[in-house]
Every structure is written in structure tokens, then in C-alpha cells.
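Given next are the chains, with one letter for each unit.
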Amino acid sequence: MVGVGIGPFNLSLAALADGAPGLRTLFLDAKPAFSWHPGLLMEGTVLQVPFLADLVTMADPTSPWSYLNYLREHDRMFPFFFSERFHIPRREYDHYCRWVAEHLPSCRFDARVTEVEWDERDEVFAVTHHSADGTVSRVRARQLVLGVGTEPVVPEPLRPLLTPAHAGRVLHSADYRTHRARLAGLDDVTVLGAGQSGAEVALDLLRHQDGSGAGGPYVRWLARTPAFAPMEYSKIGLEHFTPDYIRYFRALPEERRERLVREQWQLYKGVSEETLGEIHDELYERTIGGTEPRAALHPGVAVVAVVAAEPEDDGNGGDGGYVLTCRHTQQDALFEVRTSAIVAATGYAAARPAFLDAMAKLVDWDEQGRYRIDGDYRVALDASVSGALYVQNAELHTHGVGAPDLTLGAWRAATILNAVAGRTVLRVPERAAWTTFGVPGAAEVPGAAEVAGAAEVAGAAEAGQGSAQSAGAEAAVVRP
């Protein structure tokens, strides 16, 4: 098995596959070393999932690559115990993953994959990769797993400004830490996006203001969502991040899946209550003594146009910043905002890697150019391909909101590992949720089969009233 990309998900697969009998693995990544969202590794930020959602524990808690064993190896077990943390610092999660990647012999960095082909004669995938010194290598494998991650999404009105001339003043939040010092010194910064990244950037900029309220940038936070809402974090609500919900979601019609993903934004795009509370506390501090906070929060706002403004004649030779034309979605009213810089915390999306171009015709893409993916995360390929191609974190449209979530990372990796090996290398649970997401089955509702049968007969007996399909739908509404 060859894995392309070494982010947390393929690193999870590499860790779980380590030592599996009868399996040879290699994982390739273009970066010189492991790094995870370096632009957002600010002090004080934490993972939104508990530490048990590490690379391996949810599939194999006995693995030497667990977070707890990482603490033991770094003599941090007692400090961690006394800190009573369930959600760990994001910087430490990055360091933990780097520790695993550096110790796994299957992980190879400085290996930029440039082409993947299907070799019909030998029935293998041929993977070509380059190193920084110009060395070109090729490896061959029967199984290929893509874990290339997602790419930053920037709203259409901002894209023409993503040029060197506007570098550091118009950027995605993925690059925030790189330009953090410069942004903190500007007069006015606008943050777009109501998710966790947008909240963390807004909070960090607020903390760069001094106590008098005069120093630091004016912070404006805009979002299309109707509110700056907390992430759904109830115990029952979190059961959407289980194999049970994935099975339910996969069985729905495509149109219904698309609508559900949009409606469930609070499950994976909301903000932690702690971060929202910290923003509120910062704003409260700014009002002591009757002063007004140098900040504004605007939900329900869509940015429809952005232009670079003409320099103002302020005698300081500064540029004019940017003018955003915005529309309030509920009032359907336009207004303008002038700002010195824009940080787009507007999320990420899966993209088709260029190295797949050579075998693109062998992939069964859906109508929107996305992978068709089965329950084992296997991509549908032409019948002439006897090997298997798997993907990680490219299945939001087929598997639901758990696709980018670290909670399901180890379970998904174990599922792929079992499929690759053709046997159960790691046992995965059949049932993980108390919630029944679909219609209760006969085994769950006493007498359901008899009630359903009677209802279907009664429905069919009504002359001209409905059809067998509608009778079946009525039969699905049962009571114990």
C-alpha cells in the first residue's frame, strides 16, 4: 500500500498499519517534515475533540503511537494528569503527530508525488515522486490511499486580490500566523467566516489591542451565517460523528445528502463555546470606564464585491486599503466597509490532485466531478483496474459531516486497513450510537413487521388511493 499525503488521517493509517503482518506500506509527502495547519497554531488554541481522538486510540488503544504513550515518552504524564485536560493544546497535537511521523519508517518526506498511473500489464499503481535535490523515484503498489488533505477556499470576490501586491493584507486564515505581526499593527482588519478559525483570528487580533483601546487594529468580524453560533457539542448530538450515522447518511438520496450537509453547519462549522466566551470577555474588558470597544460583529452578511481603494490623502503615504460591498441577507440591504486588511477564514474543500490526471479517465466521477466512494472509502474505478484506490477526507458528499473530523480518523483508517489487507486487522464496532437515525427496524420495534404488513395490505386495499410505494411509506410509521 502506498499513501500519498501525510496529514493526520494518512498518518493514522500509517500508525495502525505499522507491524501488521503481510503488509508493506509507504507514505509520501512533499513537505520536508510533518506540519499541521501551521498558520493557526497560536498559543492558547486547543483541539475541538478530546485527546482520545488521537491517531490510533479509537481503533487500537494498545498502540504504541497513542497520545498517552507520547506523553509517557516525553515525561509529561504527571503534568498532563494534574492539568485535568480533556482538550489538548493544538500545538501539542502537532508535536505529537510529528513525533509519530518521525519514528514510523513507512513515512517519507521530501517526496512530492507528480504522477500516478495504472500499469495494466503488472496490475499495479505506479507512483512517481520527486525530492528537492531533483531525484526522481518510482514505487509500485496494488493499493493506493489518497490523504492529500483539503485546500483553502477563498470567496470569489477576493480571488483577484490574491497576488503578491496584496500579500499579507488579503489572505486566507491558513496563512494568518505568518502575517500576524503585520496585521496586528494595522488600523483596521476585517475577518470573514463564522467558524472556529474566524473566531480564533478575531480573538487574537482583539488581544493585540492595548488596555486603553487606542492601540492595535479595529477588529471587524463578518459572517454569512445568521448568528455566531456555538458548535453542537451535546453528548447525543455528537453521535453524528459515529459509524452509525455514516451508514444512515450513505443510504440517503444524493439530493437529500447535499441539503443535510448545508443544514448541519453547526456540527462542523460552529465555534466552541469557550472561544465565544473569551471574545465576549475581551469586549467586556474594553467597555470599562465607558469606552467603546474597537470591534464590530456582523452576522448574516455576505460579501458581494471587493476592490482595492485609492490611497487616502492622509499625509502618511499609506495605501487606501480595501472597500467591501456587503449585503445583509435578512434585510436585503447593501452597505460598504473600508478596511486595511482582510483575513478569509472561509474554510477548506477537497480538490482533485493534479497527479491523478494520467488516470483520470479510469475514475468514475460523479456529476459534480467528485469521487464515488463506497462504505470502505474505496473509489469507484473502471472495471479494467484490479487495484484499489481509497481516499480520506474527500467524502463529505457521500459520508457526511464526520469526514473532516478527527473523531472518526482512526476508525476510518482501520476500515481502510481491513479492506486493503482483505481481513480483519483491527476490529471496528458495529454499533457506536444510542441514536437510531433512520426508521426503526423490525428487530428494534416489537411487532413492527406485523404492523407494517397489515398497513401495507390496508393501503393497497384502498381503491385508487395512493400506490404500493405510498403504502410502504405509511407502513414505515410504526408505534411500539
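Residues numbered from 1 in each chain as written. Predicted model: local features only at pLDDT ≥ 70, side-chain atom pairs only at ≥ 80, totals over all residues. Heavy atoms only, no water.

## Some points on the overall build of the chain
Right, so step 1: Of the regular secondary structure elements, the chain holds 14 helices and 18 strands.
Right, so step 2: Looking at the chain as a whole, 48% of its 480 residues are labelled buried.
Right, so step 3: When the accessible surface of the chain is summed, it comes to about 24100 Å², and 52% of that surface belongs to carbon and sulfur atoms. (Helix = DSSP H or I, 4+ residues; strand = E, 2+ residues; numbered from the N terminus. Buried < 20%, exposed > 50% of the residue type's maximum accessible area, 1.4 Å probe, protein only. Areas by Shrake-Rupley, 256 points an atom, 1.4 Å probe, with all protein chains shown as cover.)

## Notes on the nonpolar core
The nonpolar side chains of a soluble globular protein tend to be buried with one another.
Right, so step 1: Residues Leu11 and Tyr371 are the most contacted members of the largest nonpolar core, which totals 84 residues.
Right, so step 2: A per-element tally of this core places helix α12 (residues 409–421) first, with eight residues.
Right, so step 3: In this view, Tyr371 contacts Leu146, Pro353, Leu356, Val363, Trp365, Val379, Val391, Ala394, His397 and Thr398; residues no more than four positions away in its chain are not counted.
Right, so step 4: Formed by 26 residues, the second largest nonpolar core is a distinct cluster that contains Leu171, Leu183, Ala194 and Ala223. (Core = buried A, V, L, I, M, F, W, Y, C linked by side-chain atoms within 4.5 Å. Contact = heavy atoms within 4.5 Å.)

## Description of the packing of helix α7 (residues 243–250) against helix α8 (residues 254–263)
A pair of packed helices is captured by two measures, namely the crossing angle of their axes and the spacing between those axes.
Right, so step 1: With their axes 10 Å apart at the nearest point, α7 and α8 run at an angle of 135° to one another. In terms of orientation, α7 and α8 fall into the oblique class. Two secondary-structure elements touch here, α7 through Tyr245, Phe249 and Arg250 and α8 through Arg257, Leu260 and Val261.
Right, so step 2: Classifying every residue of the contact of α7 with α8 by side-chain character gives four nonpolar, no polar and two charged. (Axes fitted to C-alpha atoms, helices over the stretch in contact; angles between N-to-C directions. Parallel < 35°, antiparallel > 145°, perpendicular 65-115°, else oblique. Nonpolar A, V, L, I, M, F, W, Y, C, P; charged D, E, K, R; others polar.)

## Things to note about the packing of aromatic side chains
Right, so step 1: Tallied over the full model, the rule gives 21 aromatic pairs.
Right, so step 2: Through a chain of ring-to-ring contacts, three or more aromatic side chains come together here, namely Trp36, Phe51, Trp65, Tyr67, Tyr70, Phe80, Phe86, Tyr93, Tyr96 and Trp99.
Right, so step 3: Across from the ring centre of Trp365, 3.7 Å away, lies the NZ or CZ of Arg352, which sits over that ring.
Right, so step 4: Its end group placed over the ring of Tyr377, Arg412 keeps NZ or CZ at 5.9 Å from the ring centre. (Phe/Tyr/Trp six-rings, centres within 6.5 Å; stacked < 30°, edge-to-face > 60°. Lys NZ or Arg CZ within 6 Å of the ring centre and 35° of its normal.)

## A few points about the sheet that holds strand β7 (residues 143–146)
Right, so step 1: The strand order across the open sheet formed by five strands is β3-β2-β1-β7-β18, and the pairing between neighbours is parallel. Strands at the two margins of the open sheet, each flanked by one partner only, are β3 (107–108) and β18 (388–391).
Right, so step 2: Here two bridges tie strand β2 (residues 26–28) to β3, and the two strands are oriented parallel to one another. Paired with Leu28 across the strands is Arg108, a residue of β3.
Right, so step 3: Sheet strands in contact with α12 are β7 and β18, and its direction is about 175° off that of β18. (Pairing = 2+ DSSP bridges.)

## Let's talk about the confidence of the model for the chain
Right, so step 1: For the chain, per-residue confidence averages 89 on the pLDDT scale, and residues scoring 70 or more make up 90% of the total.
Right, so step 2: For residues 313–317, every residue scores under 50 in pLDDT, and the model assigns this stretch zero contacts once sequence neighbours within four places are set aside.
Right, so step 3: Considering only residues more than four positions removed or in separate chains, one finds that residues 442–480, a stretch of pLDDT under 50, has 18 contacts. (pLDDT = per-residue confidence, 0-100.)

## Some remarks on unusual backbone geometry
Right, so step 1: Phi is positive for Asp75, which is not a glycine, with a value near 55°.
Right, so step 2: Relative to the helices and strands, Asp75 resides in the loop between α2 (67–73) and α3 (77–83).
Right, so step 3: You will see that Glu123, though not glycine, has its phi angle at about 55°, which is positive.
Right, so step 4: You can see Glu123 is positioned in the loop between β4 (112–119) and β5 (124–130).

## Some remarks on the packing of helix α6 (residues 196–207) against helix α10 (residues 273–286)
Right, so step 1: α10 packs onto α6 with a crossing angle of 25° between their chain directions and a minimal axis gap of 10 Å. Classified by the angle their axes make, α6 and α10 are roughly parallel. The chirality of how α6 crosses α10 is left-handed. Every residue of α10 that contacts α6 at Gln196, Ala199, Glu200, Leu203, Leu206 and Arg207 is listed here: Thr275, Glu278, Ile279, Glu282, Leu283 and Arg286.
Right, so step 2: Here the contact of α6 with α10 is composed, by residue class, of five nonpolar, two polar and five charged. (Left-handed = near helix turned anticlockwise from the far one by under 90°.)

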